[in-house]
Amino acid sequence: MGPTQENLKEAFKAGFQSIDDGDGFYPGFDAYLKTSGYVKREDIPCTCPDGGAHGHLPECRWVKVCQS
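Calculation notes
Residues numbered from 1 in each chain as written. Predicted model: local features only at pLDDT ≥ 70, side-chain atom pairs only at ≥ 80, totals over all residues. Heavy atoms only, no water. Axes fitted to C-alpha atoms, helices over the stretch in contact; angles between N-to-C directions. Helix = DSSP H or I, 4+ residues; strand = E, 2+ residues; numbered from the N terminus. Left-handed = near helix turned anticlockwise from the far one by under 90°. Contact = heavy atoms within 4.5 Å. Nonpolar A, V, L, I, M, F, W, Y, C, P; charged D, E, K, R; others polar. Salt bridge = Lys/Arg side-chain N within 4 Å of Asp/Glu carboxyl O. Buried < 20%, exposed > 50% of the residue type's maximum accessible area, 1.4 Å probe, protein only. Arc of directions from axis to C-beta.

A.B. asks: Explain the packing of helix α1 (residues 5–20) against helix α2 (residues 25–35) here, please?
C.D. replies: In helix packing, the relevant descriptors are the interaxial angle and the interaxial distance, both defined with respect to the helix axes. In the contact formed by α1 and α2, the axes pass within 6 Å of each other and the chain directions differ by 145°. Judged by the twist between their axes, the crossing of α1 over α2 is right-handed. Contacts between α1 and α2 pair N7, L8, E10, A11, F12, A14, G15, F16, S18 and I19 from the former with F25, P27, G28, F29, Y32 and L33 from the latter. Among the residues forming the contact of α1 with α2, the class breakdown is 11 nonpolar, 4 polar and 1 charged.

A.B. asks: Quick question: what am I supposed to make of the pattern of salt bridges here?
C.D. replies: Think of it this way: side chains of opposite charge can pair up when their charged atoms draw near. On inspection of all chains with the given rule, the structure shows 2 salt bridges. Across the pair K13 and E10 runs a salt bridge whose closest N-O atoms are separated by 3.3 Å. With a gap of 3 residues between them, K13 and E10 both fall in helix α1, about one helical turn apart. For K13, a relative accessible area of 46% corresponds to the partly exposed category. On the accessibility criterion, E10 (23% relative accessible area) is partly exposed. In this structure, D43 engages R41 in a salt bridge whose closest nitrogen and oxygen atoms are separated by 2.8 Å.

A.B. asks: I keep staring at α2 and nothing clicks. Help me out?
C.D. replies: One full turn of an α-helix is made of 3.6 residues, so residues set three or four places apart face in the same direction. Every buried residue of α2 is accounted for by F25, G28, F29 and L33. Seen along its axis, α2 keeps its buried residues to an arc of 125°; they face one direction. Residues of α2 that are exposed and angled more than 90 degrees away from the buried face: K34 and T35. Buried residues belonging to α2 abut α1, β1 (38–40) and β2 (62–64). Following α2 by one or two positions, G37 adopts a phi angle in the positive range, close to 90°.

And the structure:
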């Protein structure tokens, strides 16, 4: 399961704040999703709605970590 719309909204805010802080977009975006219980999985297929046909979205391959 990928990030919710609310998680993405906050992750984008964190990414833009990270730009303002001089660190670039992805450090803030990625850090927010990690602290929200998501992990980026390179070993799974693209999770973009169009399968990556027009490039990948920042949230591509981010999935919720299952607690066992």
